Amino acid sequence: MDRDDIKFLALQELGYEERPDFLTADDNAVRMINNQYEHIYSLALQGFEWSFSEKFTEVTTRGEDFDGRWKYNYALPEDVLYISGRYTSPKGGVISDYDWIGSSFYTNSETLF
């Protein structure tokens, strides 16, 4: 199933029976689906902890001292959907005090996994 299949499923919910060409169709519903697809797709992926998206990785620091509260600012991977665990080492040590803002993760821990 590709993105156009998913878009057509949405159109079928609106009563459409024939699949349009999503690149050239001049229809309000098709334009709206084309405009909203990426945003809704991202929300759907972020809304659940999908097993296919799990990744365990060590992230690198961007620097130190953020607003005087945090010692470290870590750059999260671009494809991060959610964070299910925050550890100080591969074997454990949960980080409970942190801020996650956009692609940055702020904490006082010297390492982040």
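Here, the structure is the one placed above.
A few points on the structure. Note that the coordinates shown come from a computational prediction; the quantities given were computed from them, not determined experimentally. Sequence order sets the numbering: in each chain, residues are counted from 1 along the sequence as written. The predicted origin of the model limits local features to residues at a pLDDT of at least 70 and limits the giving and counting of side-chain atom pairs to 80 or more, whereas totals for whole chains, interfaces and linings rest on all residues. By convention in this description, side-chain values take in all heavy atoms of the structure and omit both hydrogens and water.

Type-normalised accessible area, obtained with a 1.4 Å probe on protein chains alone, sets the label of each residue: buried when under 20%, exposed when over 50%, and partly exposed for intermediate values. Helical segments are the DSSP runs of H or I of at least four residues, strand segments are the runs of E of at least two, and each set is numbered from the N terminus. Here strand E6 (residues 104-107) shows two buried faces, one formed by Ser104 and Tyr106 and the other by Phe105 and Thr107. In the sheet, strand E2 (residues 70-75) pairs with E6 via four bridges, with the strands oriented antiparallel. Residue pairing in the sheet places tyrosine 72 in a bridge with threonine 107 of E6. For two strands to be treated as a pair, DSSP must find at least two bridges joining them. Summarising the sheet, strand E5 (residues 98-101) and E6 pair through four bridges and their orientation is antiparallel.

On to the layout of surface pockets. One number sums up the size of the largest pocket: a volume of about 540 Å³. Cavities and pockets were defined on a 1 Å grid built from protein atoms only: a cavity is a group of points that admits a 1.4 Å probe but offers it no way out, a pocket is an open group of points flanked by protein on both sides within 12 Å along at least five of seven lines, and a lining residue is one with an atom within 4 Å of any such point. Looking at the largest pocket, it is lined by 21 residues, and the ones nearest its centre are Lys55, Phe56, Val80, Tyr82 and Ile83. Just so you know the grouping, Ala, Val, Leu, Ile, Met, Phe, Trp, Tyr, Cys and Pro go in nonpolar, Asp, Glu, Lys and Arg go in charged, and all remaining residues, Gly too, go in polar. Partitioned by chemical class, the residues of the lining of the largest pocket number 13 nonpolar, four polar and four charged. Put simply, the second largest pocket is a space of about 180 Å³. Ranked by residue count, the leading element in the lining of the second largest pocket is helix H2 (residues 28-46), at six residues. The residue inventory of the lining of the second largest pocket, partitioned by class, reads seven nonpolar, one polar and one charged. Grid points are joined across faces, edges and corners, and a volume is the space filled by probe spheres set on the points.

Moving on, we come to the environment of proline 77. For proline 77, the position within the fold is in the loop between E2 and strand E3 (87-89). Sequence separation of proline 77 and threonine 60 is 17 residues, and the distance between their C-alpha atoms is 9.5 Å. By definition, residues are in contact when any of their heavy atoms lie within 4.5 Å. Other than its neighbours up to four places away in sequence, proline 77 contacts Thr57 and Val59.

What follows deals with a nonpolar patch on the surface. The residues that make up patches have over 30% relative accessible area and no salt bridge, and they are joined within 9 Å when like-charged or within 5 Å when they are Val, Leu, Ile, Met, Phe, Trp or Tyr. All accessible areas in this document rest on Shrake-Rupley with a 1.4 Å probe, and a residue is counted as covered only by the protein chains that are shown. Definition used for salt bridges: Asp or Glu carboxyl oxygen within 4 Å of a side-chain nitrogen of Lys or Arg. On the surface, Met1, Ile6 and Leu9 cluster together into a nonpolar patch covering about 320 Å² of accessible area. Of note, methionine 1 is situated in the segment before helix H1 (3-13). Exposure remark for methionine 1: the relative accessible area of 76% places this residue in the exposed category.

Moving on to the pattern of salt bridges. By the definition in use, this model includes six salt bridges. Of the charged contacts, one joins glutamate 38 and arginine 3 as a salt bridge, the two residues approaching to 2.3 Å between their closest N and O atoms. Residue glutamate 38 is located in helix H2, and its partner arginine 3 is located in helix H1; the two are separated by 35 residues in the primary sequence. You can call glutamate 38 partly exposed: its relative accessible area is 44%. Assessed through its relative accessible area of 42%, arginine 3 is described here as partly exposed.

All right, on to H2 then. Here H2 contains 19 residues, and its C-alpha end-to-end distance of 27 Å stays within 8% of the 27 Å for a straight helix at 1.5 Å per residue. Bend is the name given here to the angle between axes fitted to two runs of seven residues, the run ending at a residue and the run starting at it. Where H2 bends most, the angle comes to about 50 degrees, and this point is tyrosine 37. By the burial criterion, the buried members of H2 are Ala29, Val30, Ile33, Tyr37 and Leu45. Of the surrounding secondary structure, the elements contacted by the buried residues of H2 are H1. Pairs of N or O atoms are called polar contacts if they sit within 3.5 Å, as long as, within protein, a hydrogen donor faces a hydrogen acceptor (for residues adjacent in sequence, only side-chain-to-side-chain pairs). The N-terminus of H2 is capped by aspartate 27, whose side-chain oxygen sits 2.9 Å from the backbone nitrogen of alanine 29. One less than the residue count of a helix, multiplied by 1.5 Å, gives the span that helix is expected to have.

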